Amino acid sequence: MRSMIGFCAATLAATGLVLAAPVNAQTQAPAAPPTAKPNKTVPADISEQKLDAAAKAVKNVSTIRDSYEQKLIKAPADQKAKLADEASDAMEKAVKEQGLSVEEYTSIIEVAQNDPTVRNKLLQRLK
């Protein structure tokens, strides 16, 4: 659970990337958020292999999140924590199966949020 908050935030951000794809496709020059800060832990020139892996992970993580979200809604209160832990474990496994650590995945998503070039490369892979 050490980096679960960051992982969950990255998962939500990645889902936002997927949902924002149609919106970005309609705008010619999407502007970066005014509060965007460059991430210094991952270079903006992320390898194509890492972007491929991140895109696959985003798809898998989003599917898992959607599945567990429905289970959590229907679950009794005393089982919600167990289901949330299962969801986190499943999402972490989905990321690691693509050859990424949770930290790498989180960093790539953060870079994509702040760097339009990386964001567009990732969005192309998500189509």
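Calculation rules
Residues numbered from 1 in each chain as written. Predicted model: local features only at pLDDT ≥ 70, side-chain atom pairs only at ≥ 80, totals over all residues. Heavy atoms only, no water. Phe/Tyr/Trp six-rings, centres within 6.5 Å; stacked < 30°, edge-to-face > 60°. Lys NZ or Arg CZ within 6 Å of the ring centre and 35° of its normal. Buried < 20%, exposed > 50% of the residue type's maximum accessible area, 1.4 Å probe, protein only. Helix = DSSP H or I, 4+ residues; strand = E, 2+ residues; numbered from the N terminus. Arc of directions from axis to C-beta. Polar contact = N/O pair within 3.5 Å; in protein donor to acceptor, adjacent residues only side chain to side chain. pLDDT = per-residue confidence, 0-100. Contact = heavy atoms within 4.5 Å. Salt bridge = Lys/Arg side-chain N within 4 Å of Asp/Glu carboxyl O.

Novice: Sorry if this is basic, but what is going on with the packing of aromatic side chains here?
Specialist: Centre-to-centre distance and the angle between the planes together describe a pair of aromatic rings. For the coordinates displayed, the defined rule picks out zero aromatic pairs. Above the ring of tyrosine 68, the side-chain terminus of lysine 71 is found at 4.5 Å from the ring centroid.

Novice: Hey, could you run me through helix H5 (residues 116-126) in this one?
Specialist: Because each turn of an α-helix spans 3.6 residues, side chains separated by three or four positions end up pointing in the same direction. Of all the residues in H5, the buried ones are Val118, Arg119, Leu122, Leu123 and Leu126. With its buried residues spanning 135° around the axis, H5 presents them on a single face. N-capping of H5 is provided by aspartate 115, with a side-chain oxygen placed 2.9 Å from the backbone N of threonine 117.

Novice: When you look at the confidence of the model for the chain in this model, what are you seeing that I'm missing?
Specialist: Keep in mind that low pLDDT regions are not for reading the predicted coordinates in detail. Overall, the prediction assigns the chain a mean pLDDT of 78, with 65% of residues at 70 or greater. Low pLDDT (under 50) marks residues 18-43, which in the prediction has 15 contacts with non-local residues, meaning those over four places away or in another chain.

Novice: Could you clarify how one ought to interpret the pattern of salt bridges in this entry?
Specialist: Opposite charge on two side chains lets them pair, provided their charged atoms get close. Counted by the stated rule, this structure contains nine salt bridges. Put simply, glutamate 104 and lysine 50 hold a salt bridge, and the shortest N to O gap is 2.8 Å. Of the two residues, glutamate 104 sits in helix H4 (residues 102-114) while lysine 50 sits in helix H2 (residues 48-74), which places them 54 residues apart along the sequence. Classification of lysine 50 by relative accessible area gives partly exposed; the value is 27%. Of the charged contacts, one joins aspartate 52 and arginine 125 as a salt bridge, the two residues approaching to 2.5 Å between their closest N and O atoms. Pair noted here: aspartate 52 is in helix H2 and arginine 125 is in helix H5, with a separation of 73 residues, a long-range link. What emerges from the salt-bridge pattern is a single network uniting Glu48, Asp52, Lys121 and Arg125.

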